[in-house]
Amino acid sequence: MAAATLLSLAAAAQAQALKAEVIHWWTSGGESAAMHEFANAFKAAGGTWVDNAVAGAEPARAAAVNRIVGGNPSTAAQFNISKQFHDLIAEGLLNDMDAVAQKEGWDQLFPAPIINSVKVKGHYYAVPVNIHMPGWFWYSKSAFDKAGIKSEPKTVDELFAALDKLKAAGLVPLALGGQPWQEKITFDTLLANVGGKDLFMKVYRDADPKAINSAEFKRVLATFKRLRDYVDAGSAGRNWNDATSMVIAGKAGIQIMGDWAKGEFSAANQTAGKEFGCFPGLGSNSPYIISGDVFVFPKTSDAGAIKAQRTLASLMTSPATQVAFNNKKGSIPIRTDVDASKMDVCAQTGIRIMKDPSRHLPNAEMLVTPDVNGALQDVITKFWNNNQSVDDVVKAFASAAKG
């Protein structure tokens, strides 16, 4: 057989062996564009990418878990930086990526709060791909101009003053999708910015009854409910990206949402600092809530699947792919050594803040179990949508926080 034919067969065999089915929930325009960066990098390495996009985070995670438990797992599956996948670790259902981590020095590259979430009992069971901050404020420059708002709010009083001006100008002051997880993000943003880091940690990490019953926590709850006066009648059930579209169109002034929203602005050909603005909290020293996404790799002994998993882990965290992916996703790179010069002003702000550990704050899902997080989310969404007293909510929150 000719040498060229042998080489061709060898290449075909390698491509066939390097195959990855990836379950994820990135289906919006910006999210899909970002996911293509991972797919393109894997294809460039000679692999075959099988995309399995499931609309909605909870359905996607459920599909991944069902496949794993059923003995027919995907090559990789998306989860959040949280405790969502820790049960799978405890059951021995995930492969670790220690070989890649050791070779590429993840211990030195990744921020401590991220490592604490994905490295369990000394082993890397999840590969972080980005750092999201769920508490960004996004605003329409044209809406701010129409309302006569000259500068970004730096305190909660300035925030409400801006919302009042937007309302008076006939605009929707706060673009919000009335879904439980979006309401929870809004609440957590206020807890971090109005209550502060210490209260945030006492409430979520410690479930401290004294903190939950404090005047400071009650003030956060009251401030959160006050925002209800600034959303439009169509808020209920709205998707987050549809709320972002209201800001993109200049119909709404502000959205409190994670930096994945920036991917929607990019997909609409808008530029940070030109058509829209961003600020990561109220004031120059506001806490930077750390969130993000990871991929886990279901347990398998198949050599080809393990090779595909390790290839994915390496490519997803490589400097070039990190910049390309996060530019489109709206997040910032997981690595601390990337060239950020080609990233927008919002991303560069986030990268600069990440170099200051004093501003780092783990997101609530890194501090509580999924069950507790769900119970707390139910408390918050009930408060947002019903006529409840703050004292009643405090009692419900304290009960849910106990687990």
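This structure is a prediction, so every number in the text was calculated from the model and none was measured. (Residues numbered from 1 in each chain as written. Predicted model: local features only at pLDDT ≥ 70, side-chain atom pairs only at ≥ 80, totals over all residues. Heavy atoms only, no water.)

Caption draft 1: Expanded view of the overall build of the chain. When its secondary structure is counted, the chain shows 20 helices and 13 strands. Taking 22 Å as the expected radius of gyration for a compact globule of 403 residues, we find that the chain reaches 22 Å, a close match to that expectation. Seen along its three principal axes, the alpha-carbon backbone of the chain occupies a region of about 80 × 45 × 35 Å. Within the span of the chain, comprising 403 residues, buried residues form 55% of the whole. The contacts of the chain with a sequence gap of at least 6 include a subset with a gap of at least 24, amounting to 76%. Of the roughly 16,900 Å² of accessible surface on the chain, a fraction of 50% belongs to carbon and sulfur atoms. (Helix = DSSP H or I, 4+ residues; strand = E, 2+ residues; numbered from the N terminus. Rg over C-alpha atoms; globule rule 2.2 N^0.38 Å. Buried < 20%, exposed > 50% of the residue type's maximum accessible area, 1.4 Å probe, protein only. Contact = heavy atoms within 4.5 Å. Areas by Shrake-Rupley, 256 points an atom, 1.4 Å probe, with all protein chains shown as cover.)

Caption draft 2: Representation of the layout of surface pockets. Considering only enclosed or pocket space, the largest pocket measures out at about 1,200 Å³ in volume. Forming the boundary of the largest pocket are 42 residues, of which Ala-57, Arg-61, Asn-80, Gln-84 and Glu-365 lie nearest the centre. Its residues assigned to classes, the lining of the largest pocket comprises 16 nonpolar, 15 polar and 11 charged. Lining of the second largest pocket is provided by 13 residues; of these, Phe-279, Pro-280, Gly-281, Gly-283 and Ser-284 occupy positions nearest its centre. (1 Å grid on protein atoms, 1.4 Å probe; cavity = no way out; pocket = protein on both sides within 12 Å on 5 of 7 lines; lining within 4 Å. Points joined across faces, edges and corners; volume = space filled by probe spheres on them. Nonpolar A, V, L, I, M, F, W, Y, C, P; charged D, E, K, R; others polar.)

Caption draft 3: Local environment of helix α13 (residues 215-226). The end-to-end C-alpha distance of α13, which contains 12 residues, comes to 16 Å, matching closely the 16 Å that a straight helix rising 1.5 Å per residue would cover. Where α13 is concerned, the buried positions are Phe-217, Val-220, Leu-221, Thr-223 and Phe-224. Mapping the buried residues of α13 onto a view down its axis gives an arc of 165 degrees, with all of them on the same face. (Expected span 1.5 Å × (residues − 1). Arc of directions from axis to C-beta.)

Caption draft 4: Molecular detail of the sheet that holds strand β1 (residues 19-24). Pairing within the open sheet is mixed, and its 5 strands lie in the order β2-β1-β3-β12-β6. Since the sheet does not close on itself, it has two edges, and those belong to β2 (48-53) and β6 (126-128), each with one partner. Pairs of neighbouring strands in the sheet enclose a mean axial angle of 30 degrees, with direction left out of account. The sheet contact formed by β1 and strand β3 (residues 76-80) spans 2 bridges and is parallel. Bridge pairing in β3 places Ile-23 opposite Ala-77. Contacting β1, β2, β3, β6 and β12 (293-296), helix α16 (residues 303-316) runs over the sheet at an angle of about 60 degrees to β1. (Pairing = 2+ DSSP bridges. Axes fitted to C-alpha atoms, helices over the stretch in contact; angles between N-to-C directions.)

Caption draft 5: Examining the packing of helix α10 (residues 180-195) against helix α19 (residues 370-385) more closely. One can describe the packing of α10 onto α19 by two numbers: an axis separation of 9 Å at closest approach and a directional angle of 90 degrees. Between α10 and α19, the angle falls in the class roughly perpendicular. Across the interface between the two elements, Pro-180, Trp-181, Glu-183, Lys-184 and Phe-187 from α10 touch Asn-373, Leu-376, Gln-377, Ile-380, Thr-381, Trp-384 and Asn-385 from α19. In terms of residue class, the contact of α10 with α19 is made up of 6 nonpolar, 4 polar and 2 charged. (Parallel < 35°, antiparallel > 145°, perpendicular 65-115°, else oblique.)

Caption draft 6: Inspection of the environment of Pro-153 at higher detail. You can see Pro-153 is positioned in the loop between α8 (141-147) and α9 (156-168). With relative accessibility at 4%, the residue Pro-153 sits in the buried group. Taking the C-alpha atoms as reference points, Pro-153 and Phe-137, 16 residues apart in sequence, are found 9.7 Å from one another.

Caption draft 7: Up close: the confidence of the model for the chain. Per-residue confidence for the chain gives a mean pLDDT of 93, with 96% of residues at or over 70. Here residues 9-15 scores under 50 on pLDDT; set against residues more than four positions off or in separate chains, the count is 5 contacts. (pLDDT = per-residue confidence, 0-100.)

Caption draft 8: Representation of the state of the cysteines within the structure. Summed over all chains, the structure comprises 1 disulfide. The residue that forms a disulfide with Cys-278 is Cys-346, at a sulfur-sulfur distance of 2.1 Å. Here Cys-278 and Cys-346 share a disulfide; its torsion about the S-S bond, -110 degrees, makes the bridge left-handed. In this pair, Cys-278 sits in strand β10 (residues 276-279) while Cys-346 sits in helix α18 (residues 345-354), placing the two residues 68 residues apart along the sequence. (Disulfide = S-S within 2.5 Å.)

Caption draft 9: Summary view of the pattern of salt bridges. In this structure the tally under the stated criterion is 9 salt bridges. In this structure, Asp-232 and Arg-238 form a salt bridge, with 2.6 Å as the shortest nitrogen-oxygen distance. Judged by relative accessible area, Asp-232 falls into the partly exposed class, the value being 21%. (Salt bridge = Lys/Arg side-chain N within 4 Å of Asp/Glu carboxyl O.)

Caption draft 10: Structural view of unusual backbone geometry. Residues other than glycine seldom take positive phi values, yet Lys-121 does so here, at roughly 50 degrees. On the secondary structure map, Lys-121 appears in the loop between β4 (119-120) and β5 (123-124). With relative accessibility at 81%, the residue Lys-121 sits in the exposed group.

Caption draft 11: Main features of the pairing of β2. Here β1 runs beside β2; their pairing, made up of 6 bridges, is parallel. Bridge pairing in β2 places Lys-19 opposite Thr-48. Each parallel crossover has a hand, and the one from β1 via helix α2 (residues 29-44) to β2 is right-handed. (Right-handed = clockwise from strand over helix to strand, strands pointing away.)

Caption draft 12: Spatial organisation of the sheet that holds strand β9 (residues 252-257). Read from one edge to the other, the open sheet built from 4 strands follows the order β8-β9-β7-β10, with strand pairing classed as mixed. In this open sheet, the two strands that pair with only one neighbour each are β8 (172-174) and β10. Taking each pair of neighbouring strands and ignoring which way they run, the sheet shows an average axis angle of 20 degrees. With respect to the sheet, α10 is in contact with β7 (136-140) and β9, its orientation differing from that of β9 by roughly 85 degrees. Helix α14 (residues 240-248) rests against β7, β8 and β9 of the sheet, and its axis sits at about 145 degrees to β9.

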